[in-house]
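# Architecture and fold: a report
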Amino acid sequence: MAQPDSKKIFFENLSGAGKAIAVLTSGGDAQGMNAAVRAVVRMGLYVGAKVYFIHEGYQGMVDGGENIREATWESVSSMLQVGGTVIGSARCKEFRTHEGRLKAAHNLVKRGITNLCVIGGDGSLTGANLFREEWSGLLGELVEQGLIEADAVQKYSALHIVGMVGSIDNDFCGTDMTIGTDSALHRIIEVVDAIMTTAQSHQRTFVLEVMGRHCGYLALVSALACGADWVLIPEMPPEDGWEEKMCQKLSANRAGMKRLNIIIVAEGAIDHNNKPITTDYIKNLVVKCLGFDTRVTILGHVQRGGTPSAFDRILASRMGVEAVLALLETTANTPACVVSLCGNQSVRLPLMECVQMTQEVQKAMDEKRFEEAVKLRGRSFENNLKTYKLLAHRKPESELPTSNFNVAVLNVGAPAAGMNAAVRSAVRVGISEGHKMFAVSDGFEGFYKGQIKEIKWADVGGWTGQGGSLLGTKRTLPAKHVDKIADQMRKHNINALLVIGGFEAFESLLQLYEARATYEEFCIPMCMLPGTISNNVPGTDLSIGADTALNAIVETCDRIKQSASGTKRRVFIIETMGGYCGYLASVGGLAAGADAAYIYEEPFDIRDLQANVEHLTEKMKTSIQRGLVLRNENCNDNYTTDFIYQLYSEEGRGVFDCRKNVLGHMQQGGAPSPFDRNFGTKISAKAMQWISKKLVETFRQGRVFANTEDTCCLLGMRRRALVFQPVVQLKEDTDFVHRIPKEQWWLKLRPLMKILAKYKTSYDVSDSGQLEHVVRNRPRESDASVAM
């Protein structure tokens, strides 16, 4: 492993000794809150602080007594996979009064607590900030009443607040995703996928109501993720006469051999006069105007329930650790902050700036300034809306531009969930841009064999929820067949290429770029979208399909751990896919609460294995009953899954027994997660718009000619931005022997997994969030909007 950089600030320099941190969940519950609580408790204990649970939110803080209890390492075991919040949440009218806050302050001072980690919505966080502002005055009153000693005012002079937003509605400005949103989308999409099969059987129309009284995020993203026919959200009320337009669209879709219609409605949907649009109104409208068999389904609290998704567990764990770091670094002059997600990076933002912008959204909606409300929601929300409109509403042929360009799309490498959503998006955006779209079956193997045919708008209907690759995909690289591929491109007059796939797709584009010197047919705009469960493509933090694979791993680990419930102590050794890339093992380990994850990028030897066994043995002597160890399939030639299983079995004899499981191709299968559907849809739309732009720029004298580096690109997620990067420039960043990037961002998450598993380790905090300000409109080029 590389030696620590002396310029970096390491975690050992930060100490929580003498500090007391309390964590509470307030307002509505959200899946993933428990993962955040667990991270706060374990990180707090790790730095030497005392950590307290405040049960039942602010009500527990006001009531005191047994509601405020000291937390131990073991008290947060087995809560990572539990939905809701195990420490309870409650609305508290008393805390809104001065007298209630005085009681709360007294209860905190009695235990020496001056650091609060609040997990809740904007109301909970606003209350926390008011409490912080009143703190010194409250302590003065407590002294006057003789409830605390005078020296306590000096000793506990400042209350420090760090917030994390837990809300399934994703209605808080300043963060791309709130804890619980992704899990709620999982519940919605599970229901929609199930409903679509019965709706198709009976040729029915379904009207689904999802949560979102003031925010249409869940409705909008679930409509994108399932290809709904119509969506109604509070931020963008439909124009007058929308009823007729909606019925026309439903009728046209049914006439086009579509056997079902899906309409998604946010519970707060309104028209331009701020009048509610109800599911019953829509049902009656469809029945009256079209005579379609129509059913209403109101999802209700199903959306809040169930186990948290892999995304929410990772997000909550990262935010919980970041919250503790923020509390350690805070001073008397530091404003209360909220830990947020921007793209793929944690940031800290002033709490009240975020709250004020969130309130501005509602004010804009109340005053019918709906376009402004959409912009205030943030670039991610705005892009979701634009993408939905682009894909869902087909313009009449007469209104489409005529570009006379032919664009081919193909999948290369192993199948990955979300590929079909990306193809659907590419086809529909391409048609909207006036191009003729061609689908290539079976990757470059199908290309050189001539398996190319035009693909129309209706041909990709219903593709978003399909797993695998409906176009077919092969690992064949183009180099050996470049002459035949050039012939096919000439035959079909292909003017641009969109390739969706993993490392083979990256190598393919490099080969086609090099072939430009010999074959002019490849002097066209070419773009690659990363699509692989291994997440091993250079130039991107995330790949289409990786989130679905992580969820498969985490769900299986949950079941495996549950199988040991009530039995003697047991350790499970799980083998994951990924080639030489340890992403699935490491990030899956963080999401599943693993004790260790063995990967190729972090070499290990027999001493490390022995240390891990001893560590688990010590943990098993306490109340912890189960251990989980993940191993990447190619982490070491000699320390195989069987070897590690036998070693643990032998060394743990008398303390725990062992079981092993190879997850295999189940990680590649299944319906794509909401994240992968949305990610694939949005980056594919962006790629097609880039291709259209490059086609216009490179069209000269009646033909397309593109031979510069910037016309052969990979579109990837880098920290906060979606960036087009010339593939030839990514060669230096790539280890071609092991098919991985030389630098991988997720390696910084490995210490978190170790810390949360009670290992002593170095943690680089030089890249942790610094206090920033809320940006109202990010520049387009830094438009991450990837976290859905």
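Residues numbered from 1 in each chain as written. Predicted model: local features only at pLDDT ≥ 70, side-chain atom pairs only at ≥ 80, totals over all residues. Heavy atoms only, no water.

### Overview of the overall build of the protein chain
- Tallying secondary structure elements over the protein chain gives 23 helices and 27 strands in all.
- For 788 residues, the compact-globule estimate of 2.2 N^0.38 gives 28 Å, and the protein chain sits close to it at 27 Å.
- The principal-axis extent of the C-alpha atoms belonging to the protein chain is close to 90 × 70 × 50 Å.
- Looking at the protein chain as a whole, 62% of its 788 residues qualify as buried.
- In the protein chain, once contacts between residues fewer than 6 apart in sequence are set aside, the share between residues at least 24 apart is 80%.
- For the protein chain, the computed accessible surface area is about 29900 Å², with 48% contributed by carbon and sulfur atoms.
- With 89 positive and 89 negative side-chain charges, the protein chain shows a separation of 3 Å between the mean positions of the two kinds. (Helix = DSSP H or I, 4+ residues; strand = E, 2+ residues; numbered from the N terminus. Rg over C-alpha atoms; globule rule 2.2 N^0.38 Å. Buried < 20%, exposed > 50% of the residue type's maximum accessible area, 1.4 Å probe, protein only. Contact = heavy atoms within 4.5 Å. Areas by Shrake-Rupley, 256 points an atom, 1.4 Å probe, with all protein chains shown as cover. Lys, Arg positive; Asp, Glu negative; His and termini not counted. Charge placed at Lys NZ, Arg CZ, Asp CG, Glu CD.)

### Brief notes about the environment of Glu99
- By secondary structure assignment, the location of Glu99 is in helix H3 (residues 98-110).
- We classify Glu99 as partly exposed; its relative accessible area is 46%.
- Once the C-alpha coordinates of Glu99 and Leu138 are considered, the two residues, 39 residues apart in sequence, prove to be 9.5 Å apart.

### As for the sheet that holds strand E21 (residues 657-662)
- Reading across the sheet, the 4 strands line up as E19-E20-E18-E21 and stay open at both edges, with parallel pairing between neighbours. Since the sheet does not close on itself, it has two edges, and those belong to strand E19 (596-598) and E21, each with one partner. Neighbouring strand axes in the sheet, compared pairwise and without regard to direction, differ in orientation by 20 degrees on average.
- Alignment of strand E18 (residues 570-576) against strand E20 (residues 626-632), held across 7 bridges, turns out to be parallel. By the bridge assignment, Ile573 is partnered in E20 with Val629.
- Here helix H19 (residues 583-592) sits on the sheet in contact with E18, E19 and E20, set at roughly 165 degrees to E20. (Pairing = 2+ DSSP bridges. Axes fitted to C-alpha atoms, helices over the stretch in contact; angles between N-to-C directions.)

### Quick look at the pattern of salt bridges
- The full count for this structure, using the stated rule, is 37 salt bridges.
- Note that Asp293 and Arg295 form a salt bridge whose closest N and O atoms lie 2.5 Å from each other.
- For Arg490, the salt bridge goes to Asp487, with nearest N and O atoms at 2.4 Å. Linking Arg490 with Asp487, this pair stays in helix H16 (residues 482-491), spanning 3 residues, or about one helical turn.
- Look at Asp487 and you get partly exposed, because its relative accessible area is 39%.
- What emerges from the salt-bridge pattern is a single network uniting Lys375, Arg379, Glu382 and Lys386. (Salt bridge = Lys/Arg side-chain N within 4 Å of Asp/Glu carboxyl O.)

### Topic: the pairing of strand E8 (residues 261-266)
- With 6 of 6 residues buried, E8 lies mostly within the body of the structure.
- Residues Asn261, Ile263 and Val265 line one face of E8 and the alternating positions Ile262, Ile264 and Ala266 line the opposite face, and both faces are buried.
- Bridge count between strand E6 (residues 205-210) and E8: 6 bridges; the pairing is parallel. In the sheet register, Leu208 faces E8, and the bridge partner there is Ile264.
- Two elements, strand E7 (residues 230-232) and E8, share 3 bridges in a ladder whose sense is parallel. Bridge pairing in E8 places Leu232 opposite Val265.
- In this fold, the crossover linking E7 to E8 by way of helix H8 (residues 242-255) has right-handed handedness. (Right-handed = clockwise from strand over helix to strand, strands pointing away.)

### Some details on H8
- With 14 residues, H8 extends 20 Å from end C-alpha to end C-alpha; this agrees with the ideal 20 Å at 1.5 Å per step.
- On the buried face of H8, the contacting elements are E6, E7, E8, helix H9 (279-290) and helix H13 (379-392).
- Just beyond H8, the residue with positive phi is Met257, at close to 75 degrees. (Expected span 1.5 Å × (residues − 1).)

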